[in-house]
Amino acid sequence: MAEILETSTTTVSNVIHGKTGEVSPAMVEKVTRLLEEYNYIPNINARNLASNKSGIIGLAMKADMVKDGNFMKDPFAGELTGVVERVIRENGYFTMLYISNDIKEIINSVASWNADGLILQGMKMEDAILLKKRVKKPMIFVDSYFSDSLFEYANVGVEDWKGGYEITDYLIKKGHRKIAFLADNSVGVDYQRLQGYKAAMSEAGIPYKEENFIRLEPCGPDMSPLLSNVYSRAGEFTAFVCASDFYAANIMNYLQDHGVRIPEDLSVVGFDDNSYSTMVRPALTTVHQDVTRKGRLAVEKLFLMIQGEDCGAMSTQLPVYLVERDSVKEIIPI
């Protein structure tokens, strides 16, 4: 191509790789036209080999209790994955994704990718320790809590404790005292939301009982057993605090199909403020978190780490706020 255009191979290479600052607009147009004529596709593998980079960013998501048999059905997971992939692509890299509830499977996969960096969502302390031992690459965690960690780690999350506290406090101020907390686990993010719920209850002088925590036990694609168990407990409470909009929406639909009126018989709130919260009826009162901002920030921090630059605060908690809709009834004292 350089011979055809009577220019240097460096000039052609610069245009191919987008380094057009020192190339005249006329020459850029000529090279571009010739590339299109020959259907030229750069050999990315060769380029990455020459630069000692793979051009790959790994995204590994651990789902201990895979919702409905498919973690990506949760809008939270879809939104996070979508923004991470987009920002990675905007930076000229490719995304490799792995979702599993088995940390050994995750480690074996990400170790084989030779990725330039990793974004890891939903990991526990013991998972992070194993990852750090096996994979010597820059990594950033999303929504992880490692208490008394023996190593320094970067994490991007939200104010989970505050969200759990504020949504529960909201219910209490609406006159509710029989309030249950529903989640499929009590670690990490959901643990923090549970602790916020407990703090609000304690502050209001409402004693916490273990039976107030309704553990949701997904068992594959059929959610009927889980929802049936929730239905059997509905009469014990006036309000449910769900750890996610995914569960809140499914619970609301099931209860209403079985004669429980929301919010007349039972108030329900969620956490995330995703598409489910406005699709269900009544519209769901919930805690808003900016998943897109969270995913973008995680990628931006990781690229700074890859480049050996300061990525700022190692632990970032993005703000949350209450979104009031129609799924809560005010109980007026008699």
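Structure: see above.
**Student:** Please explain the overall build of the protein chain as it appears in this structure.
**Tutor:** The secondary structure content of the protein chain amounts to 13 helices and 12 strands. The dimensions of the protein chain, computed from C-alpha atoms along their principal axes, are 90 × 40 × 35 Å. Sorting the 334 residues of the protein chain into buried and exposed places 48% on the buried side. Sequence separation of at least 24 residues holds for 69% of the intrachain contacts in the protein chain that already meet a minimum separation of 6.

**Student:** Is there a simple way to think about helix 5 (residues 75-90) in this case?
**Tutor:** Given 3.6 residues per helical turn, the α-helix brings residues three or four places apart onto the same face. Taking 1.5 Å as the rise per residue, helix 5 with 16 residues should run 22 Å; its terminal C-alpha atoms sit 22 Å apart, in good agreement. The N-cap of helix 5, judged by a side-chain oxygen 2.9 Å from the amide nitrogen of Phe76 a few residues on, is Asp74. Positioned one or two residues after helix 5, Gly92 has a phi angle of 80°, which is positive.

**Student:** Would you explain the pattern of salt bridges in this entry?
**Tutor:** Once their charged atoms are close, side chains differing in charge can pair, the charge on each being opposite to the other. Inspection of every chain in the model, using the stated rule, returns 15 salt bridges. The closest approach of N and O atoms between Lys294 and Asp143, which form a salt bridge, is 2.8 Å. Linking Lys294 in helix 13 (residues 291-306) with Asp143 in the loop between strand 4 (139-142) and strand 5 (154-158), this pair joins segments that are 151 residues apart in sequence. Connected through shared salt-bridge partners, Arg86, Glu90, Arg296 and Glu300 make up one network.

**Student:** So what exactly am I meant to see when it comes to the environment of Val323 here?
**Tutor:** Mapped onto the fold, Val323 is located in strand 12 (residues 321-323). Look at Val323 and you get buried, because its relative accessible area is 15%. As a C-alpha pair, Val323 and Thr285 span 38 residues in sequence and 5.7 Å in three-dimensional space. Contacts of Val323, omitting those with residues within four sequence positions, involve Asp273, Leu284, Thr285, Thr286 and His288.

**Student:** How should the packing of aromatic side chains be read in this particular structure?
**Tutor:** To describe a pair of aromatic rings, one takes the distance between the centres and the angle between the planes. Scanning the model with the defined rule gives 12 aromatic pairs in all. Just above the ring of Phe271 sits the side chain of Arg193; from NZ or CZ to the centre is 3.6 Å.

**Student:** Just checking my understanding: could you explain the sheet that holds strand 8 (residues 239-242) for this structure?
**Tutor:** Hydrogen bonds along the backbone pair up the strands of a sheet, which may run parallel or antiparallel. With respect to topology, four strands assemble into an open sheet ordered 7-6-8-9, the strand pairing being parallel. Edge positions in the open sheet fall to strand 7 (213-215) and strand 9 (267-269), since each of these has one partner strand only. Strand-to-strand twist in this sheet, taken as the mean axis angle between neighbours without regard to direction, amounts to 25°. Against the sheet, helix 8 (residues 160-173) contacts strand 6 (179-183), strand 8 and strand 9, and its axis sits at roughly 170° relative to strand 8.

**Student:** What is the right way to look at unusual backbone geometry in this model?
**Tutor:** Of all residues except glycine, most have a negative phi; of all peptide bonds, most are trans. The omega torsion of the bond from Ile262 to Pro263 falls at 10°, within 30 degrees of zero and hence cis. Turning to its location among the elements, Pro263 is positioned in the loop between helix 11 (245-257) and strand 9. Cis geometry marks the peptide bond from Arg281 to Pro282; its omega dihedral reads 0°. For Pro282, the location among the structural elements is in the loop between helix 12 (275-279) and strand 10 (286-288). In this structure, Asn114 is a non-glycine residue whose phi angle is positive, near 55°. Its place among the elements puts Asn114 in the loop between helix 6 (103-113) and strand 3 (117-121).

**Student:** Got a minute to help me understand the packing of helix 5 against helix 13 in this structure?
**Tutor:** Geometry of a packed helix pair, given as the angle between the helix axes and the separation of the axes. One way to put it is that helix 5 packs onto helix 13 with a least axis distance of 8 Å and a crossing angle of 40°. The angle between helix 5 and helix 13 places the two elements in the oblique class. When the axes of helix 5 and helix 13 are compared, the crossing they make is right-handed. Here helix 5 contributes Phe76, Glu79, Leu80, Val83, Val84, Arg86, Val87, Ile88 and Glu90 to the contact with helix 13, which in turn contributes Val291, Thr292, Lys294, Gly295, Arg296, Val299 and Phe303. Residues that form the contact of helix 5 with helix 13 fall into these classes: nine nonpolar, two polar and five charged.

**Student:** What should I look at first to understand the side chain of Asp74 in this one?
**Tutor:** Assignment of secondary structure puts Asp74 in the loop between strand 1 (56-62) and helix 5. For Asp74, the side chain forms a polar contact with the main-chain nitrogen of Phe76, separated by 2.9 Å.

**Student:** Can you help me understand helix 2 (residues 9-16) in this one?
**Tutor:** Among all positions in helix 2, only Thr11, Val12 and Val15 are buried. Along the axis of helix 2, the buried positions cluster into a sector of 95°, meaning they face one direction only. Buried residues belonging to helix 2 abut helix 1 (2-5) and helix 3 (25-37). Of the residues one or two after helix 2, Gly18 is the one with positive phi, at around 80°.

**Student:** Even after reading the chapter, I still don't get the pairing of strand 11 (residues 315-318), so can you show me in this structure?
**Tutor:** Consecutive side chains along a regular strand alternate between the two faces of the sheet. On strand 11, burial follows the alternation: Thr316 and Leu318 on one face are buried, whereas Ser315 and Gln317 on the facing-out side are not. Summarising the sheet, strand 5 and strand 11 pair through four bridges and their orientation is parallel. Across the sheet, residue Val158 finds its bridge partner in strand 11, namely Leu318.

Quick notes on the rules
Residues numbered from 1 in each chain as written. Predicted model: local features only at pLDDT ≥ 70, side-chain atom pairs only at ≥ 80, totals over all residues. Heavy atoms only, no water. Helix = DSSP H or I, 4+ residues; strand = E, 2+ residues; numbered from the N terminus. Buried < 20%, exposed > 50% of the residue type's maximum accessible area, 1.4 Å probe, protein only. Contact = heavy atoms within 4.5 Å. Expected span 1.5 Å × (residues − 1). Polar contact = N/O pair within 3.5 Å; in protein donor to acceptor, adjacent residues only side chain to side chain. Salt bridge = Lys/Arg side-chain N within 4 Å of Asp/Glu carboxyl O. Phe/Tyr/Trp six-rings, centres within 6.5 Å; stacked < 30°, edge-to-face > 60°. Lys NZ or Arg CZ within 6 Å of the ring centre and 35° of its normal. Pairing = 2+ DSSP bridges. Axes fitted to C-alpha atoms, helices over the stretch in contact; angles between N-to-C directions. Parallel < 35°, antiparallel > 145°, perpendicular 65-115°, else oblique. Left-handed = near helix turned anticlockwise from the far one by under 90°. Nonpolar A, V, L, I, M, F, W, Y, C, P; charged D, E, K, R; others polar. Arc of directions from axis to C-beta.

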